[in-house]
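Breakdown of the fold
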Amino acid sequence: MLLTLSITGPFFAVIAFGFFAAKRGWMPDGAVRSLNVFVFNFAMPALVIRALAGQDIIAALTGPMVPVWILAGAVTFGLAMLAMRILCGGGLAEMAVSGQAATIGNIGFLGLPLMLAAFGDRAAAPMAVVLVLDLTIFIPLCIGLLEWSSGKGASWRLVVTVAKGVIFNPFVLAIVGGTLLSLAGGKLPQAGENLLNFLGDAAGATALFSLGVQLAARRVEGEARAISLMIVMKLFVHPLAVLTAATLFGLDAARTAVLVVVASLPIAGNVFVVAERYGIFIQQLSAAILLSTTAGVVTVSLALMWAGL
């Protein structure tokens with residue numbers, strides 16, 4: 001337990017520092033956006049490339065982790081939609097947002113640095129699988145359902161917009177870059193390695209501090225039943241679904257542990273971005289992100305302890 005807390009404690013402490021700084025008024029307008037530009041476009045991609053350089057990503061993307069994550073995500077997405085309909089009386093739009101909240105964890109700002117710190121570079125390949133599948137399947141699925149619920153139906157313009165967002169996503173580009181570097185032997189000129197190390201080392205603390213600042217702007221408002229449903233689905237149902245799917249497909253214990261801990265991450269902020277664009281569940285989702293991140297201190301720690309850390 002002490003080892004687990006030594007891993008998770010500093011991460012959530014930095015989130016708390018960002019939260020405190022925002023509440024004290026130390027972060028001026030535009031500060032978060034500036035931090036996120038650095039984290040999302042430069043620091044995190046460097047961290048991804050560096051971690052993937054020595055991994056066999058092709059094998060990971062063609063192995064059992066892919067059907068495990070797809071099956072678990074599909075089951076969780078469907079259960080969240082059904083529960084939102086039955087328990088909260090939500091329409092298709094609310095059901096879609098609930099499904100996305102239940103399956104998309106905060107990988108970019110919390111998961112990547114935490115998983116690499118906990119599991120080392122062996123977490124890189126599973127994280128690449130998760131990022132690719134989330135960006136190409138589950139997020140577009142939610143957007144498509146929201147478009148359908150608005151009465152517009154599917155359109156080629158929507159397909160092109162989503163596809164461009166996926167292809168030019170900095171994390172996807174970093175995965176491609178890391179894969180190419182791995183195939184080339186994983187070596188860069190010393191100056192290139194120094195640059196990746198310099199940027200990558202800054203990614204974790206900056207991302208976590210920024211996450212804390214963003215959480216400070218969120219409020220606990222909205223229907224308690226819907227908020228609780230999204231939190232329970234993300235923090236408990238999704239990890240259980242991943243564990244079940246991994247058992248069904250015979251995934252090895254090491255990669256199962258990584259995927260289960262990834263599934264236990266709190267709700268991602270980009271779920272709110274999608275919901276806000278369509279004006280759906282804004283208050284409820286904002287509260288669910290804040291509360292799931294707070295509860296994640298416990299649930300992620302428990303998942304890591306289960307994984308043997």
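Structure report, in brief. Just so it is clear, the model here is predicted, and its values are computed rather than measured. (Residues numbered from 1 in each chain as written. Predicted model: local features only at pLDDT ≥ 70, side-chain atom pairs only at ≥ 80, totals over all residues. Heavy atoms only, no water.)

Considerations on the overall build of the chain
Definition in use: Numbered from the N terminus, helices here are DSSP runs of H or I no shorter than four residues, and strands are runs of E no shorter than two. The reference for a compact globule is 2.2 Å times residues^0.38; the radius of gyration itself is calculated from the C-alpha atoms. Think of it in three bands: with a 1.4 Å probe and only protein chains considered, a residue is buried below 20% of the maximum accessible area for its type, exposed above 50%, and partly exposed in between. When checking whether two residues touch, look at their non-hydrogen atoms; a contact exists if any pair is within 4.5 Å.
On a plain count of helices and strands, the chain comes out with 14 helices and 0 strands. N-terminal to C-terminal, the α/β element order of the chain is α-α-α-α-α-α-α-α-α-α-α-α-α-α. Expected size for 309 residues packed as a compact globule is a radius of gyration near 19 Å; at 19 Å, the chain falls within 12% of this value. If you line up the chain on its principal axes, its C-alpha atoms span 55 × 50 × 45 Å. Within the span of the chain, comprising 309 residues, buried residues form 53% of the whole. Counting only contacts in the chain whose residues sit at least 6 apart along the sequence, the fraction spanning at least 24 positions is 85%.

Remarks on the packing of aromatic side chains
Aromatic ring pairs are defined here through the distance separating the ring centres and the angle between the ring planes. Rule in force here: Planes of paired rings set the category: under 30 degrees apart is stacked, over 60 is edge-to-face and the rest tilted, where pairs are Phe, Tyr or Trp rings (Trp by its six-membered ring) whose centres lie within 6.5 Å. Charges are assigned to positions over rings by a cutoff of 6 Å between ring centre and Lys NZ or Arg CZ, combined with an angular limit of 35 degrees from the ring normal.
The full count for this structure, using the stated rule, is 2 aromatic pairs. Relative to Trp26, the ring of Phe20 has its centre 5.5 Å away and its plane inclined at 90 degrees; by these criteria the two rings are edge-to-face. For the ring pair Phe40 and Phe171, a centre distance of 5.1 Å and an interplane angle of 65 degrees mean the geometry is edge-to-face. Here the residue Phe40 occupies a position in helix H2 (residues 31-52), and Phe171 occupies one in helix H9 (residues 170-183), the gap between them amounting to 131 residues. Since its relative accessible area comes to 5%, Phe171 is described here as buried. The ring centre of Phe272 lies 4.5 Å from the NZ or CZ of Arg218, which sits over that ring.

Observations regarding empty space enclosed by the protein
Here is the rule: Buriedness of a pocket was judged along seven lines, with at least five required to meet protein on both sides within 12 Å; pockets are open sets of points on a 1 Å grid over the protein atoms alone, cavities are sets where a 1.4 Å probe fits but cannot get out, and lining residues have an atom within 4 Å of a point. Grid points are joined across faces, edges and corners, and a volume is the space filled by probe spheres set on the points. Lys, Arg, Asp and Glu make up the charged group, whereas Ala, Val, Leu, Ile, Met, Phe, Trp, Tyr, Cys and Pro make up the nonpolar group; the residues left over, Gly among them, are polar.
Using the criterion set out here, one finds 1 cavity of 30 Å³ or more in the structure. By volume, the largest cavity amounts to about 40 Å³. Around the largest cavity, the lining residues are Val48, Ala51, Leu52, Leu112, Ala124, Met127, Ala128, Leu131 and Ile175. Contributions of two or more residues to the lining of the largest cavity are made by H2 and helix H7 (124-149). At 4 residues, H7 tops the list of elements feeding residues into the lining of the largest cavity. Grouping the constituent residues of the lining of the largest cavity by class yields 9 nonpolar, no polar and no charged.

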